[in-house]
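# Structural overview for review
Take a look at the letters that make up each chain.
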Amino acid sequence: MTSALISALDPARAADPARYAIADAVPRVAVRPVTREEVSEALRAATRERLGVVPWGGGVALARDRAPERYDLALDLTALDRIVEYEPEDMTLTAECGATLATLAAALAARGQELPLEAPRAARATLGGALAANASGPRRLRFGAPRDRILGARYALADGTLARTGGRVVKNVAGYALHRLACGSRGGLAVILEASLKLLPAPETRVALVFGASAADVADGARWATFPRLEPALFTVVRGALAGALPVAAPTAPFTVFVGLEDDAPRVAEQEAACVRALGDPDARLEGESVAALWQSLTDLEDAAPARLTFTTADNTPEALAPLLDLVPDVPVMFHAPAGRLHVFAGPPHVAAVVAALAPPRFQLVDVAGMEPPEPIVAPQAAVLALRARIRSALDPAGTLALGPRWERGGF
Ligand SMILES: Cc1cc2nc3c(=O)[nH]c(=O)nc-3n(C[C@H](O)[C@H](O)[C@H](O)COP(=O)(O)OP(=O)(O)OC[C@H]3O[C@@H](n4cnc5c(N)ncnc54)[C@H](O)[C@@H]3O)c2cc1C
């Protein structure tokens, strides 16, 4: 079966399957195409041979995913790594899916612009992987989710058909935004080959203020009510030893609060003064390039522990953490408050207690890493799951793409 596939492809594109293991599953074949036509050819051959395919970017997430039921072919997309078009005046960028976030950020920094995507391990994480995971980090409020930033994409459907929706410019009326549907589809609907994104101007000034806080400070709603309505670029609360991994001298308090201010210099100075009036002098203050490094390290923390539960909540101030404070006090926590995104780094002994304490509707469990899905979980409505399955089978009737959101894989 696989030999028929290999003969359909250029042998020079063969890669070592052992490098593409997911959990303990090793694919029978791995290929690293260098053009979109070769991606198309690989998918066409895989569909013909009824093989299960997993698209691979940098493998940051896949290395920790659960193995799919069928895993025959790893499709490594990292050779498609060109910047196709960069229009600084229009603030738009089109790049191939295998370009890393770090490479793209460096190209834009030279023109004072920013890529509105954040993902752990930016030097490895690819544009395609970040979009497919709809990944975000501590600045999600400023950047929006990836699906808010994508203008258009080229992709290969599971049968190899090459397609394109949206465009490369901001003003674009193009019918159904299927490129947005691909964001968060985790490689289960199509292979993203190229994407166009709206960019942001890099801020003139960046400042990070770092405060130690006690559990009582965190739970003190009145304290956060006096916090000025600053719209900080970042407002993250970290509990536990996690903060020790960051490139800043973390306070010894049980919690560390990071406030990020990004704007023109007078506005940042004004915001900083208001912040200090509300919270007192910070324990540490950074500015300039070291701030961007700190933001990336905070993003990397998502991957810092073997097990993670991720929740969303509409409560966007630190006292939202109150239900966790008396519970398993040593469990590390990271809360990106303005975006209402909470990561709890709890392993199996504490999972049931954490899930019960953060019960819906206030908190929704949206992701887990490094463990089997906890029970009970809040599954999407049956009707929604059925609709998703119909969309999936319309785009991939042969079931070639073996991954996809875990809800659709009989679990989380
Ligand atoms: C299942 C899962 C678990 C995650 N767990 C973590 C985690 O533990 N820690 C963490 O820091 N971040 C995690 N994330 C967030 C997000 O990982 C990453 O920041 C981003 O996906 C990394 O990019 P990558 O290129 O390394 O992606 P990869 O790990 O290579 O791929 C991630 C997903 O995207 C799909 N994919 C990759 N490229 C394409 C493409 N061009 N077209 C279509 N689909 C594609 C893959 O099939 C896979 O489902 C997770 C994401 C997923 C999907």
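Scroll up a little and you will see the structure.
So, here's what we can say about the structure. These figures come from a predicted structure and were not determined experimentally. (Residues numbered from 1 in each chain as written. Predicted model: local features only at pLDDT ≥ 70, side-chain atom pairs only at ≥ 80, totals over all residues.)

Membership of the largest hydrophobic core comes to 63 residues, with the highest contact counts inside it found for Leu75 and Ile192. Every residue in contact with Leu75, bar those within four places of it in the chain, is listed here: Val31, Val39, Ala42, Val53, Val54, Pro55, Trp56 and Val191. By size, the runner-up hydrophobic cluster in this structure holds 49 residues, among which are Leu298, Leu301, Val344 and Val368. (Core = buried A, V, L, I, M, F, W, Y, C linked by C-beta atoms within 7 Å. Buried ≥ 20, exposed ≤ 12 C-beta atoms within 10 Å, placed from the backbone. Contact = placed C-beta atoms within 7 Å.)

What follows is about the sheet that holds strand E5 (residues 83–87). Strand order in the open sheet formed by five strands is E5-E6-E10-E8-E9, with antiparallel pairing between adjacent strands. At either margin of the open sheet sits one strand with a lone partner, and together these are E5 and strand E9 (162–166). Across this sheet, the average inter-strand angle for adjacent strands is 10 degrees, counted without regard to direction. The sheet contact formed by strand E8 (residues 150–156) and E9 spans five bridges and is antiparallel. Directly across from Tyr155, in E9, lies its bridge partner Ala163. This element, helix H2 (residues 36–48), spans E8, E9 and strand E10 (191–198) of the sheet and lies at about 55 degrees to E8. (Pairing = 2+ DSSP bridges. Helix = DSSP H or I, 4+ residues; strand = E, 2+ residues; numbered from the N terminus. Axes fitted to C-alpha atoms, helices over the stretch in contact; angles between N-to-C directions.)

Each α-helix winds once per 3.6 residues, and so residues spaced three or four apart point in a common direction. The terminal C-alpha atoms of helix H14 (residues 382–395), which comprises 14 residues, lie 20 Å apart, in line with the 20 Å expected from a rise of 1.5 Å per residue. The buried count for H14 comes to one of 14 residues, which makes it a mostly uncovered element. (Expected span 1.5 Å × (residues − 1).)

Our focus in this paragraph is the site of the ligand. The local shell around the ligand holds 32 residues, among which Gly57, Ala61, Gly128, Gly129 and Gly187 are the closest. The set of elements that each furnish at least two residues to the shell around the ligand consists of strand E3 (53–56), helix H4 (127–133) and E10. Here the element with the most residues in the shell around the ligand is H4; it accounts for five residues. Its residues assigned to classes, the shell around the ligand comprises 19 nonpolar, seven polar and six charged. Taken domain by domain, the makeup of the shell around the ligand includes at least three residues from each of domain 1 (1–202 + 379–412) and domain 2 (205–369). (Near = placed C-beta within 6 Å. Nonpolar A, V, L, I, M, F, W, Y, C, P; charged D, E, K, R; others polar. Domains from an automatic or database assignment.)

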